[in-house]
Amino acid sequence: MQYAVIPTQLGAQLKALRLAQQVSVAEVADYMQISSSRVWGIERNPLAIKLHQFYLLMTALGAEVHPFPDLETLRPMLIEARRSTGLTQARFGQMVGVTQSRIAHIESDPAHISMDLFLKVLASLRMRLFIGQHVYREPAAALRNRVGANAEPALLADQPTVTSALQPVALALPAAGLFLQAPLN
């Protein structure tokens, strides 16, 4: 299953991913070291969370983020994407609706920006964000509860269940900077 992240549907997409992975709210809360009510709040309004929390949630659910697999690769990829468009930080900031100094801060430390701002940055770069799985990976939240608190999320290489080749089918609405996609099974 893979979803193109749609800002107005992200909460429902996260909940659907959690349910598909058969991970409870309590397991996610335990893994992220937050309350269950906070997890429900994230599912209701995920655009308010910080990017590092989003990546932690994806790990808890055993999900992947494309085209930015982790926060370490995000920073250089964002800088390169902006530079490849020929935009200065000041001009790009105008497109996103923030100052040049805020763009500099985003490029130096993207982990602490909100999902809302991150998705605006991606829309301005005409990039899409996808969440889901190509190869089954045990959700870290469930894995931690099954084998102990010190368990690390791991790719189950012994018996991976490979889904069919996922070919995202997206409908671009460039005027609004939105992309629609049905979940792929």
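Placed above this text is the structure.
The following paragraphs examine the structure supplied in this document. (Residues numbered from 1 in each chain as written. Predicted model: local features only at pLDDT ≥ 70, side-chain atom pairs only at ≥ 80, totals over all residues. Heavy atoms only, no water.)

### What to know about the sheet that holds strand S3 (residues 130-132)
No. 1: The antiparallel open sheet is built from three strands, whose spatial order is S1-S3-S2. In this open sheet, the two strands that pair with only one neighbour each are strand S1 (2-4) and strand S2 (64-66). Taken pair by pair, the neighbouring strands of this sheet meet at an average axis angle of 20°, ignoring direction. (Pairing = 2+ DSSP bridges. Helix = DSSP H or I, 4+ residues; strand = E, 2+ residues; numbered from the N terminus. Axes fitted to C-alpha atoms, helices over the stretch in contact; angles between N-to-C directions.)

### Remarks on the nonpolar core
No. 1: In terms of nonpolar packing, the biggest core is built from 44 residues, with Phe54, Met58, Met115, Phe118, Leu129 and Ile131 touching the most fellow members.
No. 2: If you list the elements that add at least two residues to this core, you get helix H1 (10-20), helix H2 (25-32), helix H3 (36-44), helix H4 (51-60), helix H5 (71-84), helix H6 (89-96), helix H7 (100-108) and helix H8 (115-124).
No. 3: With residues up to four places along the chain from it excluded, the contact list for Phe118 reads Leu51, Phe68, Leu74, Leu78, Ile113 and Leu129. (Core = buried A, V, L, I, M, F, W, Y, C linked by side-chain atoms within 4.5 Å. Buried < 20%, exposed > 50% of the residue type's maximum accessible area, 1.4 Å probe, protein only. Contact = heavy atoms within 4.5 Å.)

### Observations concerning the pattern of salt bridges
No. 1: Enumeration over the complete set of coordinates arrives at three salt bridges.
No. 2: With its nearest N and O atoms 2.5 Å apart, the salt bridge here joins Glu43 to Arg18. Of this pair, Glu43 sits in helix H3 while Arg18 sits in helix H1, and the two are 25 residues apart along the sequence. Arg18 matches Glu43 in its accessibility class, with the two residues each being buried.
No. 3: Residue Arg82 pairs with Glu107 through a salt bridge whose shortest N-O separation is 2.4 Å. Note that Arg82 is positioned in helix H5 and Glu107 in helix H7, a separation of 25 residues in sequence. Side by side, Arg82 and Glu107 carry an identical accessibility label, which is buried. (Salt bridge = Lys/Arg side-chain N within 4 Å of Asp/Glu carboxyl O.)

### Let's talk about the environment of Asn45
No. 1: Of note, Asn45 is situated in the loop between H3 and H4.
No. 2: According to the relative accessible area criterion, Asn45 is partly exposed, its value standing at 43%.
No. 3: Each C-alpha atom of the pair Asn45 and Gly11 lies 6.2 Å from the other, and the pair is 34 residues apart in sequence.

### Points about the packing of aromatic side chains
No. 1: One pass over the full model with this rule turns up two aromatic pairs.
No. 2: Aromatic side chains Phe54 and Tyr55 sit 5.9 Å apart centroid to centroid with 85° between the ring planes, which places their arrangement in the edge-to-face category.
No. 3: Residue class for Phe54 comes out buried when judged on its relative accessible area of 0%.
No. 4: Ring geometry for Phe68 versus Phe118: centroids 5.9 Å apart, planes at 65°, classification edge-to-face. Here Phe68 is found in the loop between S2 and H5, whereas its partner Phe118 is found in helix H8, with 50 residues between them in sequence. (Phe/Tyr/Trp six-rings, centres within 6.5 Å; stacked < 30°, edge-to-face > 60°.)

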